[in-house]
Amino acid sequence: MIRLLYFASLRERLGRGDETLDRTPATVGRLRAELAGRGVPWSDVFAADQRVLAAVNQTMAGDDHTLADGDEVGFFPPVTGG
Amino acid sequence: MDVEIRVQESPLDPLAEQAQVYAAGPQVGGVVSFVGLMRDINQGDRVRAMTLEHYPGMTEKALGAIVVEAGRRWQLDSVRIVHRVGEIRPQDPIVLVAVASAHRGEAFRACEFIIDYLKTRAPFWKREDMSDGQSRWVEARDSDDVAAASWADGSESPTTARGDARPGEKQ
C-alpha cells in the first residue's frame, strides 16, 4: 500500500489531493505509467511531455526510485517559491 | 551554526528576523539578507493577490537539506529562512534568507546559493489572482534552473554563467 499526494495545478486538474493505492508498483516510473493509463485527465497530466516532479517520503525522486510498502509519493509541477 | 526555518501564514517582518541573525555571536562580521517581494505585475498582467501553497513536511525537509549543503560549502554562524504561504498582497515580503558569517564573501555567496536552490528545490507553488478576476498558476522559469545549476557540486562560487533574467525575458 502506498499513499499518493497531488499538489497545486495537478490537484486541480485531477480533482483530488490524495488517495491510497492498495498495491505498491515497483518504481516511481511504473507508478506514473499506471496513473497515465487511467484515461483523461490522468493521461494528459502524466503524458511524457509534461514536467511532473515526484518525491518519495518527502525527498525528490527519479523514475528509477524503488517503492516500498507504506511509502508516501507526492506528485507536483515544477516549483515556483521564493 | 544557528538554523531557523519557518513556513508561516502570518506577515513576515524582515528587520525583526534579521535582528535575530545579528545576535549569533561576537564572531559575526557580517549579515547578508535577501528579501523576495510580491510584484503587482507578471507577464504584463496586473496581479491583485497571490496564494502560495506548499507541501507541509517536505518543505521543511528540503529547506533543511539546502542549509546543510550551504554549511558544508561555507563557514556560517547563522542561517534563517522564513517563507510565507497563504494569501499575499503586492509588496508583501514572500521570503527572507539571512546569513551571518565572520566574513562578507561567505555570507554573500551562501545567501545567493540558498535562494537559488530554494527556487528550484523547495515545494512551493504560486497562484496569481489577476485584476480581471481570472486566476492562474505561475510557470517555473528556465532562468531559475540555470542559476541553481551554476553552483556545481561542492563549489564555493558559481562555476557557470548565472542565468539571471535576460533583457526582454518575461518574469
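Predicted, not measured: the structure shown is a model, and the values here were computed from it.

A. Examining helix α4 (residues 142–149) of chain B more closely. All names here are of chain B. What α4 keeps buried is the set S143, D144, A147 and A148. Down the axis of α4, the buried set is contained in an arc of 140°. They therefore lie on one face. Among the exposed residues of α4, those oriented more than 90 degrees off its buried face are D142 and A149. Where α4 is buried, its residues contact α3 (104–121).

B. Up close: the sheet that holds strand β4 (residues 59–60) of chain A. Residues and elements named next belong to chain A. The five strands lie next to each other as β2-β1-β5-β3-β4, forming an open sheet whose pairing is mixed. If you trace the sheet from one side to the other, it starts and ends with β2 (18–21) and β4, each paired once. Across two bridges, strand β3 (residues 53–56) lies against β4 in antiparallel orientation. Considered in β4, the bridge of A55 is made with M60.

C. Fine view of the side chain of Q8 of chain B. Residues and elements named next belong to chain B. Here Q8 lies in strand β1 (residues 2–8). Within polar-contact distance, the side chain of Q8 engages the backbone oxygen of S10 at 3.2 Å. Apart from the residues within four sequence positions on either side, Q8 is in contact with V82, H83, R84 and V85.

D. Representation of the interface of chain B and chain A within the structure. Facing 26 residues of chain B, the contacting portion of chain A comprises 21 residues. When chain B packs against chain A, close to 1,800 Å² is buried across both sides, 57% of that on carbon and sulfur atoms. Three residues stand out in chain B for area buried against chain A, namely Y55, M58 and W125 of chain B, and they jointly supply 35% of the buried area on that side. Across the pair R51 of chain A and D145 of chain B runs a salt bridge, and its minimum N-O distance is 3.6 Å.

E. Summary view of the side chain of R73 of chain B. Residue and element names in this part refer to chain B. Counting through the fold element by element, R73 comes out in helix α2 (residues 58–73). On the basis of relative accessible area, R73 is assigned to the buried category, the value being 6%. Within the structure, R73 has its side chain in polar contact with the backbone oxygen of S155 (distance 2.9 Å). Dropping the residues within four chain positions of it, R73 is found in contact with F113, Y117, W151, A152, D153, G154, S155 and E156.

F. Focus on unusual backbone geometry. With omega at 5°, the peptide bond leading from V40 of chain A into P41 of chain A counts as cis. Along the chain, P41 of chain A falls in the loop between α2 (28–36) and α3 (42–45). Phi is positive for Q43 of chain B, close to 50°, though the residue is something other than glycine. Tracing the backbone shows Q43 of chain B in the loop between β3 (41–42) and β4 (45–54). Under the relative-accessibility criterion, Q43 of chain B is labelled partly exposed at 42%. The phi dihedral of Q91 of chain B falls on the positive side, at around 75°, and the residue is not glycine. The exposure class of Q91 of chain B is exposed, given its relative accessible area of 53%.

About the criteria used
- Residues numbered from 1 in each chain as written.
- Chains lettered and ligands numbered in written order.
- Predicted model: local features only at pLDDT ≥ 70, side-chain atom pairs only at ≥ 80, totals over all residues.
- Heavy atoms only, no water.
- Buried < 20%, exposed > 50% of the residue type's maximum accessible area, 1.4 Å probe, protein only.
- Helix = DSSP H or I, 4+ residues; strand = E, 2+ residues; numbered from the N terminus.
- Arc of directions from axis to C-beta.
- Contact = heavy atoms within 4.5 Å.
- Pairing = 2+ DSSP bridges.
- Polar contact = N/O pair within 3.5 Å; in protein donor to acceptor, adjacent residues only side chain to side chain.
- Buried area = accessible area lost by both parts, 1.4 Å probe.
- Salt bridge = Lys/Arg side-chain N within 4 Å of Asp/Glu carboxyl O.

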